[in-house]
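Residues per chain, in single letters:
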Amino acid sequence: SANSRKLQAGPMAEKDKKSGDEEVKEEVHLPEVELSEEDEKIKDEVDELVEKLQDEEDGVAKLACETLCTMLKTATGTVTSIPKPLKFLRRHYSTLKDTYTKKQAKNVDFLGRPQFADMISLLAMSYAKDDVTECLAFKLEGSSGEIDQWGHEYVRHLAGEIGIEYQKRKAAEKAIDDLLDLVAKILPYDFTHNSEPQACDLLFEVERLDDVVAHCTIDNHRRGCDYLIGDSDYVPPPLNKEIQKVAFKIYKTLNQYPLALRCAMLLNDMDLISETMEACEDETMKKQLAFMLGRQRIFLDPTGDDTLDEIIGNGKLSEFFLYTARDLNSMDPKTPEQIYKTHLQDARTTSLSANISSHTQNLASTFVNAFANAAFCTDKLMTGEVTQVTEWLHKNKDHRMMSAAASLGMIFLWDVDVGLAQVDKFLYSHEEYIKAGALMAVGILHSGVRNDCDPALALLSDYLDNKTTDMRVAAIMGLGLAYAGSKREEISELLVPLVADSDMALEVCTFAALSLGLVFVGTCDENITEVITTQLMERSEKEDQVNHALTKMLCVALGLLFLGQEENVEAAVLACSTLNEKIAKYCEMTVKTCAYAGTGNVGQVKELMQQLFEKIEKEEDAAHQSVAVMGIGLIAMGEVLGSDMSKRTFEHILQYGEPVMRRAIPLAMALVNVSNPQIIVMDTLGKLTHDADQETSSNAILALGLVGAGTNNARIANMLRQLANYYAKEANHLFLVRVAQGMLFLGKGLLTMNPFHSDRKLMNRTAVAGLLIVLHSCMDLKALILSKYHFLLYYLVTAISPRMMITLDTNLDPVQVSVRVGQAVDTVAVPGRPKTITGFQTHNSPVLLQFLDRAELATDKWKPLTPCVEDVVILEANKEAEEEVV
Amino acid sequence: FFGITLRMVLLKVKWGGKTYDVDVDPALGVDVFKAQLQSLTGVPPDRQKISGLKGGMLKDDADLSAMGLKEGQKCMMLGTADAIPEAPKEKPKFLEDMTSEEKAKEYLPSGLANLGNTCYLNSALQTMRVIPELWRDLEACPTQGNMPEQQTSSALRALHKQMDGTPETVAPHIFVSLFRQCYPQFNQQENGHYAQQDAEEAWSSMMTALAQTMKKGDSNSIEELFGGKMSVTLKCLEKDDEPAEVKSEAFRSLKCHINNQTVGLELGLTEGMSEKITKTSPSLEREAVYLKDAKLESLPDYLSVHLVRFFYKADVKKKAKVVRPVQFPMVLDCYTMCSEETKKRLEKGRNILSSRRDAAVERKRNAKKGDSMEVDEEETEEQKAARLADDEYLAGPGNRTGWYELCGVITHKGRDADGGHYVAWVKHKGDWLLFDDNKVEIVREEKVKETAGGAADNHLAYMLLYRTRIPEDAPNKGVCGPP
């Protein structure tokens, strides 16, 4: 009876003995239920084997250990339940550990030690304390051979402990060789078992990411690289670039040129870009790479191959765009009235005789016409009979005529040959404003296009010393737009003297600086930085200029030079802080936010938020807070999670922020969602369009246009039509509503202004630059866009790209294939072969892609040269498929 | 011979989307090159701008041989042979440059702000503004005086002037307060707010005030414009030999009673003019049934018609509304409502206008056929004189044809007179305008016709204003003719 009492008390007594940490685990499990006969048998068997394991005789113990191991391996059980032997071994865990230590104390390498250690390692995975790396410790003790004996989950767990252990040893400066040996064993396992992300994680933890390259093969690299690139978004610099470089190396080693090039462009490393171009030997593939470069507006030095140079210089862009437009049946020009849908309004609200019109509204129509018919080379106002065109030009009073003439550049966007011929006649106009506008048009139509004859440079440089300031400004702006992102030294030679001259009119100085900022965007050019900083210093000492909106634009010019250059910005920011205190903070903030554009850097966002806490009495001293708010958007825009989070931040600022911060909210939201009308953004902006604060509502109206740019979104269209009625009597608001309507129908819905492309991975810097100039100028609409600098709106042209996907055969002739278009699905680190798009529809190429869309071929007769089916894609006939058909 | 072939360089010149191959002799200079280009493209040399060669834009004095031209080198020519655009002869006018008065002429007439249930007054006012004669006379007459009516009238005049001078919405504060002082029934308040009132009552009150002010000898302007006469015959139906009593009655507006049979305005008016009444018969010396038969004797310039849509419903103690549709014509013919004598008087005017219309129709038909020869028939002196005489006759005072053109409608929306909303529809320079307090917009004529009724909860015509003469600024100016 004593025995039986002991048995009854057994479990209780044992429980009492358990140390605290095990109790925690105990709670998770249900109290032991009555076991089935079968289970009882296993339990007894396990208990017996454990008993034997403790046997003094190593041979017996070894045998018991081997039997247990076999039991553990062969016990299948169901997927959801713990294998029974493992379950019953649980209460023996500490006993086994003790036995191991005891045996080892007796004989360091006792018989059957490796197997014993391996087994404990497995048990440790489940039963060890959370913060001890016992699993790893016993594995290191155990057999050095097999890593996969306990299966996939065990390897994962082990890898995790290696990471922890590595950090510990690194801190203690201990040897790590045994860890690395283990890593070397885990890697092949991971790479052959669809666990590339885990392999990358492990290597990243042990700071040996480069080793990943050797393990990647053509079959398994995609998942690994996707994971690396996806991962790099959440890693602080400079590590993120390291990761991207590894991905580049993998692609490069495996001759995956399009992806390697994309990675190089992500790194914005010109050396890697040329390296990729040179490494690629296949002529057709080279063309595909050239198209990708063209889309990112990276103008490599001429390669000598005419076709390649033409593609890189976007010389064929207009042709392909117009092909798409014809195929989609959208060639008919749209008039501003069609966009306003005046016929839908039941009644006209004003009746005016034909010869009288409002020049503000005519100017709006000019922009609407320019945006809606952009790149179509035909419209109803600017490309008809000369008399009609001049009549329209003169309906835009005085300086507005400039924008009207410049709109010709938008209509002939990318078609340099035909466009220049059309613009040319206006260069002979007797009206100075028209001449100036024509100069702008020359620049606008060149945007994103490189022409080896350099007509824009030849033509515009003649007007840089013109007597008329307007003419100068127009030529300067034209140069900036035509050579945006080209880093052409000639431009710097021409424009730097204009900036450096302190006696020069402020507008000439500012526009020259902006053009330099565009041409040398993200280059950190020292010479230009110095010249602009000096001007900021001198001009901020002048009473009449320090608070001028154009002086603030000078800061933007400086910021553009550092766009996306987070590593190299410190010196410039320091220089900004020495400026006159009235502008120092504004400038500092502008340059800093530019440098972190699209990085999703959380630390910087926090710092910007800090800026908003400061309570500032005078509104004019708080301008930098607007920049900070916009900066949050600018930093967050590159990355999905960040942009979602930014929206919440904006809501808070809307509720609790000062007017000066609220004003920038629409601009920041627009930046995050350019050409990507999400319902929540539309709703917030819709509310703000009726805000009591004039500036906020004006900005919200423009923001609606930007958010819908090129989407024809019906909801925004409706909102804007209602706003047109609501603001019918407020000329400035109505003007902005009209402009927004024009943006919404940008290129009749065939174009986009979103700077991100190539699966939303790449940020086009010239596009961001153009957007930034316009958005910054919105901070002071009254002084700039609503005053005589309306042509600032044309800076948006650098952001304009077709949202088409056109397929070409290897001779670069368009070919129609069936394509599936659907919403992109994030497949990074998803096991198996997940679908990359959802809710797709099948169309014939060319097709239009929304911002969140992705396309894939629906036929296997063709093979795309790049896995990223966007923009221009060259197709190769798929020989394998043809054979199958035969 | 060799020398020449060696010297020649082939340049590929791009122009307007085409590429031209040009054999250039570098020794010959730029002018020869440009002349070659002119023969190919038609662009005169002074408009040719050539880029893509060394040194930016090719200068006329440049030395081609020093440029290191390469065989097949590409360059680009800019320039058009197109005419240089000239500024349009007629300078466009811009709204922003116009003064408020100029704008007011170009814009739609200004609206009136609602000062709290004043839509009845606003619509009456806007309808009144369509009568140019009224304002001309009001401007001319002296309006000194302390009588409330006089003060109201001068406030009205000031308001009209203000509205003429601006395209913006006007808030008629002064007029409304004076008007309420003058006619305290409009001062009635409900729950601290001014109550909704009857637009037709407001209209007649304003007319009364103006009549008091705009005295012209014995008569007044309102009487001249709106005053008509009808002869009323009272015939006793119970005693045949009692002589019919005939008297003349003056009216300033016609009432159209609406009963279950009423479908159109003309019939409604005619029915209203002959009705049975009971009154004391002098011969029978008791109450007897009489037939009261009214006929129009003289027709005013402006005919206002009141559709009696509101009646007091005792059970709900409210002025309820008759929503029955009553069609009204764009051109109203009062001929059938006139007495025989009057009809005879109207013959002349009606004949003139009818024959003119027939002639116009004839001309149109001929013009369609292409018989332009007869259309241009010269008018003889006699014909001209006759036409002028006719014009003079028609221009005489009062309505001389029986035809009236609809120029204003006040409509009411809602279930009873104490609530709802009034708006005015007014014909302005040939277009129909809808005045909904501060909102003014152009509407199609069909919209006006729809206020006759038919759809539930729509605006229903409540008061109609017809005019004889169509003002100068409308497309079909002159005397209103047959439809």
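Quick caveat, the model's predicted, so the values are computed rather than measured. (Residues numbered from 1 in each chain as written. Chains lettered and ligands numbered in written order. Predicted model: local features only at pLDDT ≥ 70, side-chain atom pairs only at ≥ 80, totals over all residues. Heavy atoms only, no water.)

**Comments concerning the overall build of chain A**
Convention followed: Secondary structure is summarised from DSSP: a helix means a run of H or I of at least four residues, a strand means a run of E of at least two, and numbering begins at the N terminus for each. Three labels apply to residues, based on accessible area from a 1.4 Å probe with only protein chains included: buried if under 20% of the type maximum, exposed if over 50%, partly exposed otherwise in between. Contacts are assigned to residue pairs that have any heavy atoms within 4.5 Å of one another. Reported accessibility uses the Shrake-Rupley method at a 1.4 Å probe radius. Residues are deemed covered only where the shown protein chains occlude them.
A count of helical and extended segments in chain A gives 45 helices and 12 strands. Taking the principal axes of the C-alpha coordinates as reference, chain A spans close to 120 × 75 × 60 Å. Out of the 886 residues belonging to chain A, those deemed buried represent 58%. Once local pairs closer than 6 in sequence are excluded, the contacts in chain A between residues at least 24 apart make up 71%. Looking at chain A as shown, the accessible area adds up to about 36,600 Å², and 50% of this sits on carbon and sulfur atoms.

**Brief notes about the overall build of chain B**
What counts is decided by this rule: Note on method: radius of gyration uses C-alpha positions; expected globular size equals 2.2 Å times residues raised to 0.38. Counted as positive: Lys and Arg. Counted as negative: Asp and Glu. His and the chain ends are not counted at all. Where a charge lies is defined by one atom per residue type: Lys uses NZ, Arg uses CZ, Asp uses CG and Glu uses CD.
What chain B contains, in helices and strands, is 14 helices and 25 strands. For 483 residues, the compact-globule estimate of 2.2 N^0.38 gives 23 Å, and the C-alpha radius of gyration of chain B, at 37 Å, exceeds that figure by more than 25%. With respect to the principal axes defined by its C-alpha atoms, chain B has extents near 140 × 65 × 45 Å. For chain B, the proportion of its 483 residues judged to be buried stands at 45%. By element, 51% of the accessible surface of chain B is carried by carbon and sulfur atoms, the whole surface being about 24,800 Å². Positive and negative side-chain charges in chain B, numbering 67 and 75 respectively, have mean positions lying 3 Å apart.

**Things to note about the confidence of the model for chain A**
This is how it is decided: pLDDT measures the predictor's confidence residue by residue and takes values from 0 up to 100.
On average, residues of chain A score 87 in pLDDT, and 93% of them reach the 70 mark or higher. In the predicted structure, residues 1-28 of chain A sits below a pLDDT of 50 and forms 13 contacts with residues beyond four places in sequence or in another chain.

**Quick word on the packing of aromatic side chains**
Note the following rule: When two rings of Phe, Tyr or Trp (its six-membered ring) have centres within 6.5 Å they constitute a pair, described as stacked for plane angles under 30 degrees, edge-to-face for angles over 60, and tilted for the intermediate range. Comment: the charge-over-ring label is applied if NZ (Lys) or CZ (Arg) is within 6 Å of the ring centre and within 35 degrees of the ring normal.
Tallied over the full model, the rule gives 21 aromatic pairs over all chains. With 6.0 Å between their ring centres and 35° between their planes, Phe511(A) and Tyr789(A) make a pair best called tilted. Here Tyr789(A) lies in the loop between α44 (765-777) and β5 (801-802) and Phe511(A) lies in helix α29 (residues 506-519), a separation of 278 residues in the sequence. Per residue, the accessibility class of Phe511(A) equals that of Tyr789(A), and both read buried. Measuring from centroid to centroid gives 5.6 Å for Phe175(B) and Phe179(B), while their planes differ by 25°, and the two rings are stacked. Placement of both Phe175(B) and Phe179(B) in helix α7 (residues 173-182) is noted, with a separation of 4 residues, approximately one turn of the helix. The class of Phe179(B) is buried, set by a relative accessible area of 0%. Each residue in the set Tyr120(B), Phe175(B), Phe179(B), Tyr183(B) and Phe186(B) is aromatic and connected to the rest through ring pairs, giving one cluster. Sitting above the plane of the Phe376(A) ring, Lys748(A) keeps its charged end 3.6 Å from the centroid.

**Considering the nonpolar core**
For clarity, the cut-off: As used in this record, nonpolar core signifies buried Ala, Val, Leu, Ile, Met, Phe, Trp, Tyr and Cys residues forming a set joined through side-chain atoms within 4.5 Å.
Phe511(A), Ile532(A), Met753(A) and Tyr795(A) are the most contacted members of the largest nonpolar core, which has 302 residues in total. Contact partners of Met753(A), with chain neighbours within four places excluded, come to Phe371(A), Val674(A), Ser675(A), Leu706(A), Ala709(A), Met743(A), Leu746(A), Leu771(A), Leu796(A), Ala799(A) and Ile800(A). Counting residues in each nonpolar core, the second largest holds 53 residues, with Val130(B), Leu159(B), Ala209(B) and Ile442(B) among its members.

**Looking at the pairing of strand β21 (residues 431-436) of chain B**
Residues and elements named next belong to chain B. Applied cut-off: We treat two strands as partners when DSSP finds at least two bridges between them.
Bridge count between strand β20 (residues 421-428) and β21: 5 bridges; the pairing is antiparallel. Within β21, the position partnered with Lys427 by the bridge is Trp432. If you look at the hairpin formed by β20 and β21, you'll find 2 residues sitting between the two strands, and Lys429 has a positive phi there, around 50°. Hairpin connection, β21 to strand β22 (residues 439-443): the antiparallel pair is bridged by 2 residues, and Asp437 has positive phi, about 50°.

**Section: the interface of chain B and chain A**
Filter applied, for reference: When two components associate, each loses some accessible surface as probed by a 1.4 Å sphere; the sum of these losses over both components is called the buried area. By salt bridge we mean one thing: a side-chain nitrogen of Lys or Arg within 4 Å of a carboxyl oxygen of Asp or Glu.
Taken residue by residue, the interface counts 43 residues in chain B and 44 residues in chain A. Summing both partners gives a buried area of about 3,800 Å² for chain B against chain A, and 59% of it is carried by carbon and sulfur. Considering only the surface of chain B that becomes buried against chain A, Met76(B), Pro85(B) and Phe94(B) emerge as the three largest contributors, covering 16% of it. There are 4 salt bridges connecting chain B and chain A. Two residues, Asp97(B) and Lys397(A), come together in a salt bridge whose shortest N-O distance is 2.9 Å.

**Some thoughts on the side chain of Glu405(B)**
All names here are of chain B. Looking at the secondary structure, you find Glu405 in strand β19 (residues 403-413). Classification of Glu405 by relative accessible area gives buried; the value is 6%. Residue contacts for Glu405: discarding those within four places in its chain leaves Met330, Lys427, Leu465, Tyr466, Arg467, Ile470, Asn476 and Cys480.

**Quick word on helix α21 (residues 359-372) of chain A**
What sets the pattern is the α-helix's 3.6 residues per turn: residues three or four places apart point alike. Stated formally: Every helix has an expected span of 1.5 Å times one less than the residues it contains.
For α21(A), built from 14 residues, the straight-helix expectation of 20 Å at 1.5 Å per residue is met to within 8% by its first-to-last C-alpha distance of 20 Å. In terms of burial, α21(A) is a largely internal element, 14 of the 14 residues being buried.

**Brief notes about the sheet that holds strand β3 (residues 49-51) of chain B**
This is how the line gets drawn: The angle between two axes is taken between their N-to-C directions and runs from 0 to 180 degrees, where each axis is a line fitted to C-alpha atoms and a helix contributes only its stretch in contact.
As summarised here, the arrangement of the 4 strands in space is β2-β1-β4-β3 (chain B), forming an open sheet in which the pairing is mixed. The open sheet has two edge strands with one neighbour each: β2 (18-24) and β3 of chain B. Strand-to-strand twist across the sheet, computed as the mean angle between neighbouring axes with direction ignored, equals 35°. Most of the contacts of helix α24 (residues 416-424) of chain A go to strand β4 (residues 73-78) of chain B, to which it runs at about 30°, and overall it touches β1 (9-15), β3 and β4 of chain B. Seen against the sheet, helix α2 (residues 30-41) of chain B touches β1, β2, β3 and β4 of chain B and runs at an angle of roughly 140° to β2(B).

**Structural notes on the pairing of strand β14 (residues 286-298) of chain B**
Sheet faces and side chains relate simply in a regular strand, where the side chains alternate between the two faces. Residues and elements named next belong to chain B. As paired elements, strand β10 (residues 228-236) and β14 share 8 bridges and run antiparallel to each other. Within β14, the residue paired with Val232 across the bridge is Ala294. Summarising the sheet, strand β13 (residues 274-281) and β14 pair through 8 bridges and their orientation is antiparallel. Bridged to Ser281 within β14 is Arg286.

**Remarks on helix α11 (residues 196-205) of chain A**
Residues and elements named next belong to chain A. Residues of α11 that are buried include every one of Glu196, Pro197, Ala199, Cys200, Leu202 and Leu203, and no others. On its buried side, α11 packs onto α9 (152-172), α10 (177-192), α12 (212-215) and α13 (221-232). The first or second residue beyond α11 is Glu207, which carries a positive phi of 55°.

**Considerations on a negative patch on the surface**
Residues and elements named next belong to chain A. Formally: Each patch groups residues whose relative accessible area exceeds 30% and which form no salt bridge, using 9 Å between like charges and 5 Å between nonpolar side chains of Val, Leu, Ile, Met, Phe, Trp and Tyr.
A grouping of Glu34, Glu37, Glu38, Glu40, Asp44 and Glu45 is seen on the molecular surface, where their side chains present a negatively charged patch. With respect to the helices and strands, Asp44 occurs in helix α3 (residues 37-53). A residue is classified by how much of its surface remains accessible, and Asp44, at 43% relative accessible area, is partly exposed.

**Section: unusual backbone geometry**
Residues and elements named next belong to chain A. Here the amide bond leading from Pro237 into Pro238 is cis, since omega sits at 5°, within 30 degrees of zero. Its place among the elements puts Pro238 in the loop between α13 and α14 (239-253). Each neighbour pair has its own omega, and for Ser845 with Pro846 the value is 0°, a cis peptide bond. Among the secondary structure elements, Pro846 is positioned in the loop between β8 (837-844) and β9 (847-848). One non-glycine residue, Asn314, lies in the positive phi region at around 60°.

**Observations concerning the confidence of the model for chain B**
For chain B, the mean per-residue pLDDT works out to 85, and 96% of the residues sit at or above 70. This prediction of the complex comes with two scores: 0.79 for pTM and 0.71 for ipTM.

**Comments concerning a nonpolar patch on the surface**
Residue and element names in this part refer to chain A. Together, Tyr234, Leu641 and Met645 line one region of the surface with nonpolar side chains, adding up to about 330 Å² of accessible area. The topology assignment puts Met645 in helix α37 (residues 640-656). Its relative accessible area of 45% is what places Met645 among the partly exposed residues.

**Focus: the packing of helix α40 (residues 679-688) of chain A against helix α41 (residues 694-707) of chain A**
All names here are of chain A. Rules: Relative orientations are named as follows: roughly parallel for angles under 35 degrees, roughly antiparallel for angles over 145 degrees, roughly perpendicular for angles from 65 to 115 degrees, and oblique for any other angle. Less than a right angle of anticlockwise turn of the near helix away from the far helix marks a crossing as left-handed, whereas a clockwise turn marks it as right-handed. Only Asp, Glu, Lys and Arg are considered charged, only Ala, Val, Leu, Ile, Met, Phe, Trp, Tyr, Cys and Pro nonpolar, and every remaining residue, Gly among them, polar.
Axis separation between α40 and α41 bottoms out at 8 Å; the angle between their running directions is 150°. Classified by the interaxial angle, the pair formed by α40 and α41 is roughly antiparallel. Seen from above, α40 lies across α41 with left-handed handedness. Contacts from Val681, Met682, Leu685 and Leu688 in α40 reach Thr696, Ser697, Ala700, Ala703, Leu704 and Val707 in α41. Within the contact of α40 with α41, the residues separate by chemical class into 8 nonpolar, 2 polar and no charged.

**Digging into the sheet that holds strand β11 (residues 862-864) of chain A**
Residue and element names in this part refer to chain A. As summarised here, the arrangement of the 4 strands in space is β9-β6-β12-β11, forming an open sheet in which the pairing is mixed. Edge strands, defined here as strands with exactly one partner in the open sheet, are β9 and β11. Pairing between strand β6 (residues 804-808) and strand β12 (residues 871-877): 4 bridges, direction parallel. Bridge pairing in β12 links Met805 to Asp871. The strands that helix α17 (residues 283-295) touches are β6 and β12; relative to β12, the one it contacts most, it runs at about 170°. Strands in contact with helix α19 (residues 317-327) are β6 and β12; relative to β6, the strand with the most contacts, it is inclined by about 105°.

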